[in-house]
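# Notes for the structure review
Each chain, letter by letter, is given below.
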Protein chains: 2
Amino acid sequence: MSKRGVITVISGFSGAGKGTIVQRLVEQYGYAVSISATTRAPREGEVDGVHYFFKTNEAFEEMIRHNELMEYAGYVDHYYGTPRDYVMQQLEQGIDVILEIEMQGALQIKERFPEAVLVFITPPSYEELQARLTGRGTEGADVITKRLHRAAEECAYMEKYDYIVVNDVLEDCVTQVHQLVQSIHLKREHQQELIAKISRDFADHAR
Amino acid sequence: MSKRGVITVISGFSGAGKGTIVQRLVEQYGYAVSISATTRAPREGEVDGVHYFFKTNEAFEEMIRHNELMEYAGYVDHYYGTPRDYVMQQLEQGIDVILEIEMQGALQIKERFPEAVLVFITPPSYEELQARLTGRGTEGADVITKRLHRAAEECAYMEKYDYIVVNDVLEDCVTQVHQLVQSIHLKREHQQELIAKISRDFADHAR
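What comes next concerns the included structure.

Let us now look at empty space enclosed by the protein. All names here are of chain B. Under the counting rule described, the total for this entry stands at 1 cavity of 30 Å³ or more. Looking at the largest cavity, its volume works out to about 40 Å³. In terms of lining residues, the largest cavity is bounded by Phe-13, Ser-14, Arg-147, Arg-150, Ala-151 and Glu-154. Residue composition of the lining of the largest cavity, grouped by class: 2 nonpolar, 1 polar and 3 charged.

Written as structure tokens, this is what we have:
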């Protein structure tokens, strides 16, 4: 196992179950999750530094200028972004970090951090996504229709991700994501310290 | 999971425990193992079509000419190679196939089958490899010295492999290899059927 943590980006259709998957990964396997910065106002129950880092417009733009964000984007009057420091601190401690972000942000991450692993979560079928969105009972029919249309558009992004994981049975999906992230640690690029140690070790003795 | 099997090449230093690992992968997880063709004479107890396909020189060279080998090499008067048909049949049935071959053969496979996954098995240290080779009690001191020297030379090959797995605790190593091979099925390249199905599915409904 490499000592440095791995960045894993998790995206997927609204209703695919990303939030639950990420929560399980944290609880069961000790992953860290990045906390986004945003300029929108806190909703009831949201705590600064826990759910988001709430920022003024000026403070957010200063973070952009100082290159303190790994990715950011503006949506409907508000900025959202991923502060770099917290993620880097976790990685250096050998903790794998999950970024649960939307697709454009994911591509920004991949461009700037090519070693990041992009995982796309999809329900097994359209019918299942529809059933889940309807089953929540929290959104009206037109919101659901809008999300399904957006999902149809987002299909094109799947080709940009490193791994596609189906969320059919939640536990299986969580296990698959965990195992694929762990397998990244075994990749040659992440085993350079080990290769150097073994090579040195063997060369010294073979003399 | 993609329907087609994955080719996994397993190599490593003599004494790293490859044979045992492959045997466990077959017994515990149902992998198929390719059977090599060779021109050397069968040793006591070796069965044609089980341990090797035993071939005459002429028959082997005909296999080369007819492109029936995935890789081959000549060692000390004898040919060794991997017949293609058996492997392809397994892959088409969705069975993952392991090729336990040495490093030059592994690189031939990667060149001809870039989708193959190359896994290098290493003991945790030189001392451990030495202890294992000595502990076997089957080889004299000069054979062991020769193997250790060869291992030192083979270190350079690690940089050519996709994954480096340490065989410290056997069970952990077997699990790691299995999980990394399974994660390959989740890679975008292996999920093309799923991506096409989901995209079609969603586009049809979004109209």
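What follows covers the pattern of salt bridges. Residue and element names in this part refer to chain A. All chains considered together, the criterion is met by 18 salt bridges over all chains. Glu-128 is the salt-bridge partner of Arg-132, the closest N and O atoms lying 2.9 Å from each other. Taken together, the residues Arg-132 and Glu-128, both in helix 5 (residues 126-136) and 4 residues apart, mark about one turn of the helix. When its relative accessible area of 29% is taken as the criterion, Glu-128 is described as partly exposed. Note that Glu-154 and Arg-150 form a salt bridge whose closest N and O atoms lie 3.0 Å from each other. Of the two residues, Glu-154 and Arg-150 are both situated in helix 6 (residues 141-154); the distance of 4 residues between them amounts to about one turn of the helix. According to the relative accessible area criterion, Glu-154 is buried, its value standing at 11%.

This part covers the packing of helix 5 of chain A against helix 6 of chain A. When two helices pack together, their arrangement is given by the angle between the helix axes and the distance between those axes. Residues and elements named next belong to chain A. One can describe the packing of helix 5 onto helix 6 by two numbers: an axis separation of 10 Å at closest approach and a directional angle of 150°. One element, helix 5, and the other, helix 6, form an angle in the roughly antiparallel class. The chirality of how helix 5 crosses helix 6 is right-handed. Each of Tyr-126, Leu-129, Gln-130, Leu-133, Thr-134 and Arg-136 in helix 5 lies in contact with helix 6, whose residues at this interface are Ile-144, Arg-147, Leu-148 and Ala-151. When its residues are assigned to classes, the contact of helix 5 with helix 6 shows 6 nonpolar, 2 polar and 2 charged.

Attention now moves to the interface of chain B and chain A. It is common to report an interface's size as the accessible area lost on association of the parts. Residue-level contacts link 41 residues of chain B with 41 residues of chain A. Around 3,600 Å² of area is buried between chain B and chain A when both sides are counted, 63% of it from carbon and sulfur atoms. Counting the surface chain B buries against chain A, the share from its top three residues, B:Tyr126, B:Arg188 and B:Phe202, is 19%. Across the chain B-chain A interface, the total number found is 2 salt bridges. Put simply, B:Arg188 and A:Glu159 hold a salt bridge, and the shortest N to O gap is 3.9 Å. Taken together, the connections running from chain B to chain A amount to 19 residue pairs in polar contact (both at pLDDT 80 or more). Those elements that provide at least two residues to the side of chain B that touches chain A are helix 5 (126-136), helix 6 (141-154), strand 9 (163-166), helix 7 (170-184) and helix 8 (192-206) of chain B. In terms of residue count, helix 8 of chain B provides more of the side of chain B that touches chain A than any other element does, 10 residues in total. Counted by class, the side of chain B that touches chain A contains 22 nonpolar, 10 polar and 9 charged residues.

A few words now on the relation of the copies chain B and chain A. For the match of chain B to chain A, the screw axis carries a shift of 0.0 Å, the RMSD comes to 0.0 Å, and the turn is 180°. As the rotation angle and translation indicate, the two copies are arranged about a two-fold axis. When the interface residues of chain B are mapped onto chain A, 100% of them are again interface residues, pointing to one common binding face.

What follows concerns the state of the cysteines. All chains considered together, the criterion is met by 0 disulfides over all chains. B:Cys173 forms no disulfide, and the closest cysteine sulfur to it belongs to B:Cys155, at a distance of 17 Å.

Residue and element names in this part refer to chain A. Judged by pairing direction, the sheet is mixed, and its 4 strands sit side by side in the order 4-3-6-5 without closing on themselves. Whereas interior strands pair on both sides, the edge strands pair on one side only; in this sheet they are strand 4 (53-54) and strand 5 (69-75). Across 2 bridges, the pairing between strand 3 (residues 37-38) and strand 4 is parallel. Counted as the bridge partner of Thr-38 is Phe-54 from strand 4. On top of the sheet, helix 3 (residues 84-92) reaches strand 5 and strand 6 (78-83); it is set at about 20° to strand 6, its chief contact.

For the coordinates displayed, the defined rule picks out 18 aromatic pairs over all chains. Summarising the aromatic geometry, the rings of A:Phe202 and B:Tyr126 are spaced 5.3 Å apart at their centres and angled 90° between planes, so their arrangement reads as edge-to-face. Separated into two different chains, A:Phe202 in helix 8 (residues 192-206) and B:Tyr126 in helix 5 make up a pair that spans both. Across this residue pair, the class does not change: A:Phe202 and B:Tyr126 are buried. Centre to centre, the rings of B:Tyr72 and B:Tyr79 are 6.4 Å apart; their planes meet at 70°, and the pair counts as edge-to-face.

Cut-offs used in this document
Residues numbered from 1 in each chain as written. Chains lettered and ligands numbered in written order. Predicted model: local features only at pLDDT ≥ 70, side-chain atom pairs only at ≥ 80, totals over all residues. Heavy atoms only, no water. 1 Å grid on protein atoms, 1.4 Å probe; cavity = no way out; pocket = protein on both sides within 12 Å on 5 of 7 lines; lining within 4 Å. Points joined across faces, edges and corners; volume = space filled by probe spheres on them. Nonpolar A, V, L, I, M, F, W, Y, C, P; charged D, E, K, R; others polar. Salt bridge = Lys/Arg side-chain N within 4 Å of Asp/Glu carboxyl O. Helix = DSSP H or I, 4+ residues; strand = E, 2+ residues; numbered from the N terminus. Buried < 20%, exposed > 50% of the residue type's maximum accessible area, 1.4 Å probe, protein only. Axes fitted to C-alpha atoms, helices over the stretch in contact; angles between N-to-C directions. Parallel < 35°, antiparallel > 145°, perpendicular 65-115°, else oblique. Left-handed = near helix turned anticlockwise from the far one by under 90°. Contact = heavy atoms within 4.5 Å. Buried area = accessible area lost by both parts, 1.4 Å probe. Polar contact = N/O pair within 3.5 Å; in protein donor to acceptor, adjacent residues only side chain to side chain. Least-squares fit on C-alpha atoms with pLDDT ≥ 70 in both. Disulfide = S-S within 2.5 Å. Pairing = 2+ DSSP bridges. Phe/Tyr/Trp six-rings, centres within 6.5 Å; stacked < 30°, edge-to-face > 60°.

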